Amino acid sequence: MIPRQTRGIGQNWPPGSVRGVRAVAIRDGFDRNDGARALMAVAAAMSMASCAAHAENVLPDINVIAPSPVPTHRTAPRRAAPQRRAGAAPAPAAPAQPAPAQPAPATGGLDRDKVPANTQVLTAADFDHAKSPSMLEALVRTLPGVSVSDQTGNPFQRDLNYRGFVASPVIGTPQGLAIYQNGVRVNEVFGDTVNWDFIPDVAVHRLSLVPNNPVYGLNALGGAVSIEMKNGFTYQGKEFEVMGGSFGRIQGTAQAGFQDGGIAGYASADAIHDNGWRQFASSSDLNRLYVDLGTRGEEGEAHLAFTGANNRLSGTVATPVEMLNRQWSSVYTWPQTTQNQLAFVTANASYTPTETLTLAGNSYFRGFWQRHVDGNNTQAQFCTSGAALLCFGDGATPLDGAGGLAIPPSATLGQIDRTQSAAASYGGSVQATSTAKILDHQNNVVVGMSIDRGHMQFNAESELGTVDQNLFVSGTGLIINQPQGDLAPVSLLSQTTYTGLFATDTFDLTPRLALTAGGRFNVAQIKLDDELGGPLSSDNRFQRFNPVVGVTFKIVSNVTAYGGYSEANRAPTPLELGCSDPARPCLIDNFLISDPPLKQVVSHTAEAGLRGNFDLGAGGQLRWNAGVFRTVNTDDIINVASTIVLGQGYFLNAGKTRRQGLEAGISVKASPWTAYANYTFVDATFQSPLTLSSPNNPAADSSGNIFVTPGDHIPAAPQHRFKAGVEYAVTDAWKLGADVNVVSSQYLIGDQSNQNPKVPSYAVVNLHGSYQVTKNLEAFALVQNLFNQHYYTTGTFFNTQAVPFLGLTDPRMFVPGMPLAVYAGMRARF
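Residues numbered from 1 in each chain as written. Predicted model: local features only at pLDDT ≥ 70, side-chain atom pairs only at ≥ 80, totals over all residues. Heavy atoms only, no water.

Peer 1: Go over the state of the cysteines with me, naming the residues and quoting the values.
Peer 2: Within the structure shown, the criterion is met by one disulfide. Disulfide partner of Cys 383: Cys 391, at an S-S distance of 2.0 Å. Here the S-S torsion is close to 110°, and the disulfide linking Cys 383 with Cys 391 is therefore right-handed. Residue class for Cys 383 comes out buried when judged on its relative accessible area of 13%. Exposure remark for Cys 391: the relative accessible area of 1% places this residue in the buried category. (Disulfide = S-S within 2.5 Å. Buried < 20%, exposed > 50% of the residue type's maximum accessible area, 1.4 Å probe, protein only.)

Next comes the structure, spelled out in structure tokens:
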């Protein structure tokens, strides 16, 4: 069955610009009862650290990469009377529309055409609920090379797939993308997972997708996503929105921003309820808050921001294909619920003492709490002999403590797995950016360092249960404690320390030719303490220097060629280190055991391409890009199923893997039309021979093993992705649009040898429209999956005998895609 999620805490904090102009953070832990005390202490420390430099370098929607938000570059000499900047001007009256973001400043800036990689940018307009109902929908709608899959059955917890690398909330999924919010890495510390439900899309100012850069620290194997949130300098006004529609969806959002001279503030809040479209318990409730307070002066800027969330998410994961054929909304074993809570504080600042020097820094505290309940099958069974009522693992080994239970022999046994996580991290980083010329040539150099510390308390247990006719698992009160069968309560303390030193330099060899070179040295220390005295304790250390080099050449003023090479590494997560022994598997998100050490993953990426833009007149513009890429991972870490204990698994190093392909895209803005189209080909393959366990795979041998040969494709990695969209302004007030997302077939999880039919390809068409009723009031509507296509997002295998009364024979199970959905809403701006 598909692994379920448990989450830890965010880790590294890399440079937020493509140039690595960002420093990372320090972390440490807290006892389960000390979260509030630690939050107050760290928040106070960060307030005192406001003199540290700010490092919000992201790719803006103009051709400059620069710290944002920072003061506009000074034009007066250092000791001359200061000129008033746009950022320090008196605040204007609240506009009817949100104030547009100001152009990125020149200090520390870098022409985007000098970045030797295919970077992509989304702005706040791309996250408009009139076009996409959620952040992940917005990403998949337009970003080239991006697709989503679904392992949880929840629309707020899906996997983001880019170039064959994944950022997922599901523990046990091989993670290969680094995700940042306001310069702080939000990959959780226990398994590098990403809680997308914590990021309020209404508060996103700009999102940058950056491949091929090791300066983003650990886990940026396939690239990084850097999210810059709104603040009072980039957004002014007030906005209220309500939206509702299919499957009981109702949500409300509010945001407001102000600027008064050098003081600014921003706040947003949203609440979402969704009943879900699957049977039984598939509802979700999200409650999120984001606040930013900032100050700006002639030489610097500082911000203190807070993100809070209290979310309850239900999922129904994959369902056997025979059940889906009978009823599209059917579910397998349940309940499956997750309670996620977040308290996330960041402080950042920048200081520009001279015309060419910027000092920047960032500090943060992140507290994360999670409770996860999951109804599953079990290894418990009725004994074949009369010596005991219940056995575990086979028909002869008694289930400890079950002698007093009275369970009728006709019952189907299951178990309820529960996990609790309490995590804390805090950190800091510093950096310096110089734009001083060298020999009269433009030059941009960045140096910095970071340290991140994380602490996570993880507890887990399984309760014996019974499965009813609706596949609901009810508990019996017996906690399974069967160490001989590799299933027992766990209490584990994980402590991590990540340190990074980085430097990059972009030097103009000629006015057209720019050279970028640099690198980052990473040190990862991971310590596990088994608080029950078991075999989980270990102490691990990983280190590596990762280089980057690239060139860009401006062929003509509006066409640029680029090429680059980089390396990146990912240290094994605490989860992976605790579960890597094939002889002692673990229930991926619940139980860990002492295992052999894993090697760190190292990626080697090369890419090259062309990009350009053309002015179409009257404000119109055409942009295009075409490029190729190739990434080879050594010692890649994958998760495989156990042949010893069904339903459990382990992690191992899988030798070399390769992801290569091409990207091409075009976008046109020519009033009243806006259109885009892009295509990505990704060939993700194993490059080493492997013998893997996959006991439920029909192609497995009698021992439950499959045999991978070089060239076999990596599961859950579609080769072809095509997306296109168009929007037409019927009048100044009325807009209509449509988009299509096409994803090709992919192999099922657990079919690394490619012996079974693929998950079929699919195409989904969406519509959206909006009408400006008055200057301050807008109505909008959108349709998801217009033609009500039945499609699968992900597939895997299961044990057909796990629930005997179902009488299933096909071992394939899939996560079905959402059917036709219609939403409508109103938005008021002041």
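Structure's up, so let's keep going.
Peer 1: Give me the pairing of strand E39 (residues 777-784): which residues, what numbers.
Peer 2: Where strand E38 (residues 762-772) meets E39, six bridges bridge the pair, whose relative direction is antiparallel. When the bridges of E39 are listed, Leu 767 appears paired with Val 783. Taken together, E38 and the strand that follows it, E39, pair antiparallel across an intervening segment of four residues. Of the strand pairs in this sheet, E39 and strand E42 (residues 821-829) are connected by eight bridges, and their pairing is antiparallel. Bridge assignment links Leu 782 to a residue of E42, and that residue is Tyr 823. (Pairing = 2+ DSSP bridges. Helix = DSSP H or I, 4+ residues; strand = E, 2+ residues; numbered from the N terminus.)

Peer 1: How would you sum up the side chain of Asn 161? Please name residues and give values.
Peer 2: Following the sequence through the fold, Asn 161 ends up in strand E5 (residues 159-162). Accessibility expressed as a relative area gives 3% for Asn 161, which makes it buried. A distance of 3.3 Å separates a polar atom in the side chain of Asn 161 from the backbone nitrogen of Gly 164. Leaving out residues up to four positions away in the same chain, Asn 161 has contacts with Gly 145, Val 146, Ser 147, Val 166, Ala 716, Ala 717 and Arg 721. (Polar contact = N/O pair within 3.5 Å; in protein donor to acceptor, adjacent residues only side chain to side chain. Contact = heavy atoms within 4.5 Å.)

Peer 1: Run through the pattern of salt bridges, naming residues and quoting values.
Peer 2: Taken as a whole, this structure holds 25 salt bridges when the rule is applied. Taking the shortest distance from any N to any O, the salt bridge between Asp 113 and Arg 611 comes out at 3.4 Å. Taken together, the residues Asp 113 in the loop between strand E2 (110-111) and strand E3 (120-123) and Arg 611 in strand E28 (residues 601-617) connect sequence positions 498 residues apart. Asp 113 sits in the buried class, given a relative accessible area of 14%. Its salt-bridge partner being Asp 636, residue Arg 659 comes within 3.5 Å of it at the nearest N-O pair. Separated by 23 residues along the polypeptide, Arg 659 in strand E32 (residues 657-670) and Asp 636 in the loop between strand E29 (620-634) and strand E30 (637-641) bring together distant segments of the chain. Among the charged side chains, a network of salt bridges with common partners joins Asp 128, Glu 239, Glu 241, Glu 778, Arg 827 and Arg 829. (Salt bridge = Lys/Arg side-chain N within 4 Å of Asp/Glu carboxyl O.)

Peer 1: Can you tell me about the sheet that holds strand E40 (residues 792-797), naming the residues and giving the values?
Peer 2: Taken together, three strands build an open sheet; the order of strands is E16-E41-E40 and the sheet is antiparallel. The sheet is open, and its two borders are formed by strand E16 (319-320) and E40, each paired with just one other strand. Judged from the five bridges that link them, E40 and strand E41 (residues 812-816) form a sheet pairing that is antiparallel. Along E41, the bridge assignment pairs Phe 797 with Arg 812.

Peer 1: Go over the side chain of Asn 697 with me, naming the residues and quoting the values.
Peer 2: For Asn 697, the location among the structural elements is in the loop between strand E34 (690-693) and strand E35 (705-708). In this structure the side chain of Asn 697 is engaged in a polar contact, spanning 3.5 Å, whose partner is the side chain of Asp 751. Residues within four places of Asn 697 in sequence aside, it is in contact with Ile 706, Gly 750, Asp 751, Asn 756 and Phe 797.

Peer 1: Describe a nonpolar patch on the surface, and please don't skip the residues or the numbers.
Peer 2: There is a patch of nonpolar side chains on the surface, built from Val 242, Ile 250, Trp 673, Val 726, Tyr 728, Val 730, Trp 734, Leu 736, Tyr 771, Val 773 and Met 826 and spanning about 950 Å² of accessible area. Of all the secondary structure elements, the ones that give two or more residues to the nonpolar patch are strand E36 (720-729) and strand E37 (734-743). One can find Val 242 in strand E11 (residues 237-245). For Val 242, a relative accessible area of 46% gives the class partly exposed. (Patch = residues over 30% accessible without salt bridge, like charges linked within 9 Å, V, L, I, M, F, W, Y side chains within 5 Å. Areas by Shrake-Rupley, 256 points an atom, 1.4 Å probe, with all protein chains shown as cover.)

Peer 1: Now, about the packing of aromatic side chains: what can you tell me, with residues and values included?
Peer 2: Under the counting rule described, the total for this entry stands at 12 aromatic pairs. Note on Tyr 266 and Tyr 290: the rings are 6.2 Å apart at their centroids and 50° apart in plane angle, and the pair reads as tilted. Within this pair, whereas Tyr 266 is found in strand E13 (residues 263-274), its partner Tyr 290 is found in strand E14 (residues 284-296), the two being separated by 24 residues in sequence. Take Tyr 266: its relative accessible area is 2%, and that puts it in the buried class. A ring pair is formed by Tyr 762 and Tyr 791, whose centres lie 4.4 Å apart and whose planes are at 20°; its orientation type is stacked. (Phe/Tyr/Trp six-rings, centres within 6.5 Å; stacked < 30°, edge-to-face > 60°.)

Remember, this is a structural readout, not a statement about activity or role.
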